[in-house]
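Letter by letter, the chains look like this.
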Amino acid sequence: EAIPLAANRDLPKGAPVMAVNNTREIRGYTDFKPMPRPHEGSMSDDQARLLRHGYLASVSYIDAQVGRLMGALERLGLSDNTVVVLWGDHGWKLGEHNSWCKMTNYEIDTRVPLIIRAPGAGENGKACARLVEFVDVYPTLCELTDIPVRPELEGVSFKPLLTDASRPWKSAVFSQFLRNGIWMAPDGIPYMGHA
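Small disclaimer: the values here were computed from a predicted structure and weren't measured.

The rules we used
Residues numbered from 1 in each chain as written. Predicted model: local features only at pLDDT ≥ 70, side-chain atom pairs only at ≥ 80, totals over all residues. Heavy atoms only, no water. Phe/Tyr/Trp six-rings, centres within 6.5 Å; stacked < 30°, edge-to-face > 60°. Helix = DSSP H or I, 4+ residues; strand = E, 2+ residues; numbered from the N terminus. Buried < 20%, exposed > 50% of the residue type's maximum accessible area, 1.4 Å probe, protein only. Polar contact = N/O pair within 3.5 Å; in protein donor to acceptor, adjacent residues only side chain to side chain. Contact = heavy atoms within 4.5 Å. Core = buried A, V, L, I, M, F, W, Y, C linked by side-chain atoms within 4.5 Å. Salt bridge = Lys/Arg side-chain N within 4 Å of Asp/Glu carboxyl O.

This model, assessed by the stated rule, comprises 1 aromatic pair. Measuring from ring centre to ring centre gives 6.4 Å for W87 and F134, while their planes differ by 45°; the resulting arrangement is tilted. Here F134 lies in the loop between β4 (114–117) and α3 (137–144) and W87 lies in strand β1 (residues 84–87), a separation of 47 residues in the sequence. The partly exposed category is assigned to F134, whose relative accessible area is 38%.

Have a look at this one:
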């Protein structure tokens, strides 16, 4: 009962129907097949707490595993010679916008976990509020490991942020998500959402 529900449980006002999560993924879970789509209604508070509880438990589990990994690198004397990167491929709604899971261009779906620990980096263990993109990870790893960065890469190494997380950086990033063959497309046309 202590697990809070999403603070913003309403559909965004004026959002086009194609922008709203269709709950296809969560409705594929056995216990949630009859769940209403966001514009049809909401799941019960008990169901929402059950899903949020499971999410929090999985985060705690992964956190413990990362701790074990970092401890093993230290014990084996590899921490001064190893770059560790942890990231997720998408964000996750837990009832926000009356939706669950991912599959939109809303910030909550495109904001992802990204943690880098590089030997000797002055900002290790600190948060950075600057914008980076997945295409930036590879050039960053190249620069951190002294591998030449190929000029045709679209990404930009964010290694400088590992030294000074407050420095000026990108003012915008790009994401897109294909809405194809979903219940909201009466004309059957796939829609590419851009943000």
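Continuing now.
Moving on, we come to the side chain of D109. With respect to the helices, strands and loops of the structure, D109 is situated in helix α2 (residues 107–110). Of the polar contacts made by the side chain of D109, one reaches the side chain of K93; its length is 2.6 Å. Among all residues touching D109, those that are not within four sequence positions of it are H90, G91, W92, K93, C101, K102, M103 and T104.

Moving on: the nonpolar core. Counting residues in hydrophobic clusters, the biggest one holds 10 residues: L5, I26, F32, M35, M43, A48, L51, L94, W100 and C101. Ignoring sequence-local partners within four residues, the contact set of A48 consists of L5, M43 and W100. Ranked by size, the runner-up nonpolar core spans 7 residues in total, among them I116, V137, L161 and L162.

One pass over the structure, following the stated rule, counts 9 salt bridges. Two residues, R111 and E107, come together in a salt bridge whose shortest N-O distance is 2.3 Å. For R111, a relative accessible area of 59% corresponds to the exposed category. Residue R150 is joined to E152 by a salt bridge in which the shortest nitrogen-to-oxygen separation is 2.6 Å. The class of R150 is exposed, set by a relative accessible area of 53%. Salt bridges here are not isolated pairs; linked through shared partners, they connect E133, D136 and K170.

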